[in-house]
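Chain residues, written in single-letter form:
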Amino acid sequence: MEERGIFLKTQETLCNALGVEPMDVKPEASLTRDLGAESIDFIDIIFRLEKSFDIKIPSGDLFPGNILNDARFVQAGSVTPAGLEELRQKLPYLDVDGFSKDPQISRLADFFTVQMVLNYIGDRIAKNVPNS
Amino acid sequence: MTLSGAGVDLISLARAKRFLKSSGSRVKRLLAGSETRLVRSLTPLMFARLFSAKEAYLKATHDPTLDLSDIEVKILPRGRFRVKSLRLAGRHFLEAEGCFFHASSHVGALVILWKP
């Protein structure tokens, strides 16, 4: 599936999950800040992506879940260098470099963008891993 | 006993309804233990309660290894619930009690964890 096809299918999936218009689903749009996603929506997005692309998305593969609940990773409201490294390891599709410029934990959700989802799906399709 | 953690979560009933409709049988992946018996009769309100209780427990325990399917919620009378992890999480306590609250068209859950 080519890039345009992945984008259109992902866009449709996010529109259905979040009740937003296609014009709102731009690559740079944040799922939370711009598209209004809440905790239940992240699970809904995963389920719908699995259905749309016939893939299985393991827990924690796309969105971080609770990996930063460890006290080593967040101190005084900021993600520590160890936490940033944990994000790089566990979430290679997240723009950790962009986030690290001001790593306030309250800002992390802003970096869960449409582009992050596109990167993940594109990578899964390129690796041709339909159901793991 | 000392207070060890607290967690709160809120979910819109409309969102819960939409999620149940679209997820179908996949919702089983979020259920634990005895909860799986409810899957065929799960209403948006029941799901919203289970989900918010699990999320509140996750926030209270700060356990990064837990998934929603590792957490079992037992609904008690008068808007209360008991919640526990189904596997060891490296903490001294695994069970907690909480209560539900309703705000407009949302359902919320509050969990308090006590250390013996």
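Preceding this paragraph is the structure being described.
Residues numbered from 1 in each chain as written. Chains lettered and ligands numbered in written order. Predicted model: local features only at pLDDT ≥ 70, side-chain atom pairs only at ≥ 80, totals over all residues. Heavy atoms only, no water.

> Before we go on, may I ask you to explain the overall build of chain A in this structure?
For chain A, the helix and strand inventory stands at 5 helices and 2 strands. Its helices and strands taken in sequence order, chain A reads α-α-β-β-α-α-α from the N to the C terminus. On C-alpha atoms alone, chain A measures out to a radius of gyration of 15 Å, which is about the 14 Å that the 2.2 N^0.38 rule sets for 132 residues. Looking at chain A as a whole, 48% of its 132 residues are labelled buried. Taking all contacts inside chain A whose residues are at least 6 apart in sequence as the whole, residues at least 24 apart take part in 57%. When the accessible surface of chain A is totalled, it reaches about 6,500 Å², and 50% of it is carbon and sulfur. (Helix = DSSP H or I, 4+ residues; strand = E, 2+ residues; numbered from the N terminus. Rg over C-alpha atoms; globule rule 2.2 N^0.38 Å. Buried < 20%, exposed > 50% of the residue type's maximum accessible area, 1.4 Å probe, protein only. Contact = heavy atoms within 4.5 Å. Areas by Shrake-Rupley, 256 points an atom, 1.4 Å probe, with all protein chains shown as cover.)

> I tried to follow the interface of chain B and chain A on my own but got confused; where do I start?
Interfaces are frequently sized by the accessible area removed from exposure as the parts join. At the junction of the two partners, chain B supplies 22 residues and chain A supplies 22 residues. Summed over both partners, the interface of chain B with chain A buries about 1,700 Å², with 50% contributed by carbon and sulfur atoms. If you sort the residues of chain B by the area they bury against chain A, B:R15, B:R26 and B:R29 come out on top, with a joint share of 33%. Our count for the contact surface shared by chain B and chain A stands at 4 salt bridges. Applying the counting criterion to the chain B and chain A interface returns 8 residue pairs in polar contact (both at pLDDT 80 or more). When contributions to the side of chain B that touches chain A are tallied by element, the ones reaching two or more residues are β1 (2-12), α1 (13-23) and α2 (44-61) of chain B. (Buried area = accessible area lost by both parts, 1.4 Å probe. Salt bridge = Lys/Arg side-chain N within 4 Å of Asp/Glu carboxyl O. Polar contact = N/O pair within 3.5 Å; in protein donor to acceptor, adjacent residues only side chain to side chain.)

> Explanation requested: the environment of A:D44 in the structure shown.
On the secondary structure map, A:D44 appears in helix α2 (residues 39-53). Along the backbone, A:D44 and A:P64 are 20 residues apart, and their C-alpha atoms lie at a distance of 15 Å.

> How do you make sense of the side chain of B:E55 when you look at a structure like this?
Locating B:E55 in the fold gives a position in helix α2. Look at B:E55: it is buried, it has no salt bridge, and the nearest opposite charge is B:K59 at 4.8 Å. The residues touching B:E55, leaving out its near neighbours within four places in the chain, are A:S39, B:D9 and B:L68. (Lys, Arg positive; Asp, Glu negative; His and termini not counted.)

> Where do I start with the nonpolar core in this structure?
Most often, soluble globular proteins have nonpolar side chains that are buried together. Formed by 72 residues in total, the largest nonpolar core has its most connected members in A:L31, A:F63, A:L87, A:L94 and B:F47. Each residue touching A:L94, except ones within four places of it in the same chain, is listed here: A:L87, A:L108, A:F111, A:F112 and A:M116. (Core = buried A, V, L, I, M, F, W, Y, C linked by side-chain atoms within 4.5 Å.)

> Would you explain the pattern of salt bridges in this entry?
Close approach of charged atoms allows side chains of opposite charge to pair. Evaluation of the coordinates by the stated rule reveals 16 salt bridges over all chains. Here A:E50 makes a salt bridge to B:R26, at a shortest N to O gap of 3.6 Å. Remark: B:R26 occurs in the loop between α1 and α2 and A:E50 occurs in helix α2; the pair is interchain, linking two chains. By relative accessible area, A:E50 is classed as buried at 3%. With its nearest N and O atoms 4.0 Å apart, the salt bridge here joins A:R88 to A:E85. Taken together, the positions of A:R88 and A:E85, both in helix α3 (residues 81-90) and 3 residues apart, correspond to about one turn of that helix. Looking at A:E85, the relative accessible area reads 37%, which means it is partly exposed. One salt-bridge network, held together by shared partners, links A:R33, A:D34 and A:D110.

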